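Here is what each chain is made of, one letter per residue.
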Amino acid sequence: MCGICGIVSASGPADPERLAQMSAKLVHRGPDSDGTFLDGPVGLAARRLAIIDLAGGDQPIANEDGTVTVVQNGELYNYPELRMELERAGHR
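Now for a description of the structure that goes with this document. The structure presented is a predicted model; accordingly, all values stated were derived computationally and were not measured.

Counting secondary structure elements, the protein contains two helices and five strands. Along the protein, helices and strands appear, N-terminal first, in the series β-α-β-β-β-β-α. With the principal axes as the frame, the protein shows a C-alpha extent of 40 × 30 × 15 Å. Burial analysis of the protein (92 residues in total) assigns 23% to the buried set.

Structure below.
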């Protein structure tokens, strides 16, 4: 099930307390783990219902150098193919 939420602030840094409150409202959608990302005016949060990849599927997810961070809701059924394609392109 999972749940995601976020803030983009036009008037300064994203409020971490507000983001935590938003995430807490989604606990029924993802009781197994939660994560947040804050960078200036952007705040992202994810709640997780762990069904697949129990040990390694926590979010937010960042690329290898931290320049891209995402949250997503759903399942990637073709992740083995996507992983191979990204590794061939030099990603870890």
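Okay, back to it.
What follows deals with the sheet that holds strand β2 (residues 33–39). Across the sheet, three strands lie side by side as β1-β3-β2; this open sheet has antiparallel pairing. With partners counted over all chains shown, the strands left at the sheet margins are β1 (3–8) and β2, one partner each. For this sheet, the mean angle separating the axes of adjacent strands, direction not counted, is 10 degrees. As defined by bridge partners, β2 adjoins strand β3 (residues 42–48) across seven bridges and the pair is classed as antiparallel. Each residue of the ladder has a partner; that of F37, found in β3, is L44. Strands in contact with helix α1 (residues 16–25) are β1, β2 and β3; relative to β1, the strand with the most contacts, it is inclined by about 155 degrees.

Where nonpolar side chains cluster on the molecular surface, the patch consists of M1, L49, I51 and I52 and spans about 370 Å² of accessible area. In this fold, I52 is placed in the loop between β3 and β4 (61–62).

Taken as a whole and assessed by the stated rule, the structure comprises two salt bridges. One salt bridge connects R48 with D58, and the closest N-O pair in it is separated by 3.5 Å. Remark: D58 occurs in the loop between β3 and β4 and R48 occurs in strand β3; sequence separation between them is 10 residues. For R48, a relative accessible area of 9% corresponds to the buried category. Note that E87 is salt-bridged to R83, the shortest N-O span being 3.0 Å. Placement of both E87 and R83 in helix α2 (residues 79–88) is noted, with a separation of four residues, approximately one turn of the helix. Assessed through its relative accessible area of 56%, R83 is described here as exposed.

Next up on the list: the side chain of S23. Counting through the fold element by element, S23 comes out in helix α1. Beyond its immediate sequence surroundings of up to four residues, S23 is in contact with C5, D34, A45 and R47.

The rules behind these values
The residue numbers shown here count from 1 along each chain, following its written sequence. Two thresholds apply to this predicted model, a pLDDT of at least 70 for residue-level local features and 80 or more for giving and counting side-chain atom pairs, whereas whole-chain, interface and lining totals are computed over all residues. The side-chain numbers reported here are obtained from all heavy atoms of the structure, hydrogens and water having been left aside. Helix numbering and strand numbering both begin at the N terminus, where a helix is a DSSP run of H or I of at least 4 residues and a strand a DSSP run of E of at least 2. Each residue gets one of three labels from its accessible area relative to the maximum for its type: buried under 20%, exposed over 50%, partly exposed in between, using a 1.4 Å probe on protein chains only. Being paired, for any two strands, means DSSP has found at least two bridges between them. Here, axes are lines fitted to C-alpha atoms. For helices the fit covers the stretch in contact, and angles between N-to-C directions go from 0 to 180 degrees. Between two residues, a contact is recorded if the distance between any of their heavy atoms is within 4.5 Å. Each patch groups residues whose relative accessible area exceeds 30% and which form no salt bridge, using 9 Å between like charges and 5 Å between nonpolar side chains of Val, Leu, Ile, Met, Phe, Trp and Tyr. Note on areas: Shrake-Rupley with a 1.4 Å probe; residue coverage comes only from the protein chains shown. Throughout this description, the term salt bridge denotes a Lys or Arg side-chain nitrogen within 4 Å of a carboxyl oxygen of Asp or Glu.

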